[in-house]
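So the chains spell out like this:
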Amino acid sequence: EGPWRIFIMDVATRATRRVGPAGDWFDEDPSWSPDGRRIAFMSTRGGGNNQDIFVMNADGSGVTRLTDHRANDQDPAWAADGQSLYFTSERNGRGEIFQLWLDSKKIDRVTSGLSRAIMPAVSRDGRYLAYAAQLLIGFKVQLLDLQTGETTTVGAGDSCRPAFAPDSGELAYVHLASEPSELHAVTLKA
């Protein structure tokens with residue numbers, strides 16, 4: 001259908017359907033809301049090649065732009081309570097994680113440091129935010145405890161794309177050190 005689009009696949013039947021209107025833009029990085037009623041995503045539909053965060057209903061209706069910044073905003077991830085989104089933005093010169101409150105549209109910076117912080121993932125219990133930190137060479141997965149503010153490195157080096165298990169007890173990530181890449185997982189402390 002032209003540029004990148006978002007599709008939903010019924011796992012049982014393998015039937016697919018596009019969600020959201022088609023146009024001369026890219027839609028990617030879909031993220032389901034915790035209640036399954038909305039999808040957050042990155043799109044260039046705001047104009048040019050600028051990437052912003054949008055949200056739509058699960059049936060593709062009600063597309064709403066959430067960010068409007070000259071820097072690229074991408075990788076949306078829902079907070080466990082569905083009241084906010086975490087996303088990556090280059091608005092401070094390099095990738096950092098920000099939190100967007102849906103009711104007020106207030107945006108708070110979550111990470112800062114020497115490395116880029118990208119690809120956020122939030123545990124379903126709301127305790128952790130995982131992300132990929134990029135240093136000069138390679139990536140590492142960082143785990144931020146949202147209750148204590150403590151950040152630790154998780155798993156093997158040269159890793160990215162963290163994702164939590166539904167029970168929040170494990171964290172999977174892509175390990176890039178071998179070719180092809182491998183999927184690894186670690187058990188999190190209770």
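Scroll up a little and you will see the structure.
Because the structure is predicted, anything quoted here is derived from the model rather than measured.

Engineer: What exactly am I supposed to notice about the pattern of salt bridges here?
Structural biologist: Any two side chains of opposite charge can pair, on the condition that their charged atoms come close. Following the criterion strictly, the structure yields 10 salt bridges and no others. Of the charged contacts, one joins aspartate 68 and arginine 65 as a salt bridge, the two residues approaching to 2.9 Å between their closest N and O atoms. For aspartate 68, a relative accessible area of 63% corresponds to the exposed category. Salt bridges sharing common partners tie together Asp52, Arg65 and Asp68.

Engineer: Can you walk me through the packing of aromatic side chains in this structure?
Structural biologist: Two descriptors summarise a pair of aromatic rings, namely the distance from one centre to the other and the angle between the planes of the rings. Across all of its chains, the model carries three aromatic pairs by this definition. Each ring, one from tryptophan 4 and one from phenylalanine 26, has its centre 5.4 Å from the other, and the planes form 75°; the classification is edge-to-face. Note that tryptophan 4 is positioned in the segment before β1 (6-9) and phenylalanine 26 in the loop between β2 (16-19) and β3 (27-32), a separation of 22 residues in sequence. Tryptophan 4 gets classed as exposed once you look at its relative accessible area, which sits at 54%. A ring pair is formed by phenylalanine 87 and phenylalanine 98, whose centres lie 5.9 Å apart and whose planes are at 25°; its orientation type is stacked. Of this pair, phenylalanine 87 sits in strand β8 (residues 84-89) while phenylalanine 98 sits in strand β9 (residues 96-101), placing them 11 residues apart in sequence. Since its relative accessible area comes to 1%, phenylalanine 87 is described here as buried. Directly above the aromatic system of phenylalanine 54 lies the positively charged group of arginine 45, at a separation of 5.7 Å from the ring centroid. Arginine 91 extends its terminal NZ or CZ atom over the ring of phenylalanine 98, reaching a point 5.5 Å from the ring centre.

Engineer: Honestly, the sheet that holds strand β11 (residues 116-122) in this entry has me stumped. Any pointers?
Structural biologist: Hydrogen bonding along the main chain pairs the strands of a sheet, whether they run parallel or antiparallel. Read from one edge to the other, the open sheet built from four strands follows the order β11-β12-β13-β14, with strand pairing classed as antiparallel. Strands at the two margins of the open sheet, each flanked by one partner only, are β11 and β14 (151-154). Averaged over all adjacent pairs, the angle separating strand axes in this sheet is 30°, with direction ignored. Bridge count between strand β13 (residues 139-145) and β14: four bridges; the pairing is antiparallel.

How each quantity is defined
- Residues numbered from 1 in each chain as written.
- Predicted model: local features only at pLDDT ≥ 70, side-chain atom pairs only at ≥ 80, totals over all residues.
- Heavy atoms only, no water.
- Salt bridge = Lys/Arg side-chain N within 4 Å of Asp/Glu carboxyl O.
- Buried < 20%, exposed > 50% of the residue type's maximum accessible area, 1.4 Å probe, protein only.
- Phe/Tyr/Trp six-rings, centres within 6.5 Å; stacked < 30°, edge-to-face > 60°.
- Helix = DSSP H or I, 4+ residues; strand = E, 2+ residues; numbered from the N terminus.
- Lys NZ or Arg CZ within 6 Å of the ring centre and 35° of its normal.
- Pairing = 2+ DSSP bridges.
- Axes fitted to C-alpha atoms, helices over the stretch in contact; angles between N-to-C directions.

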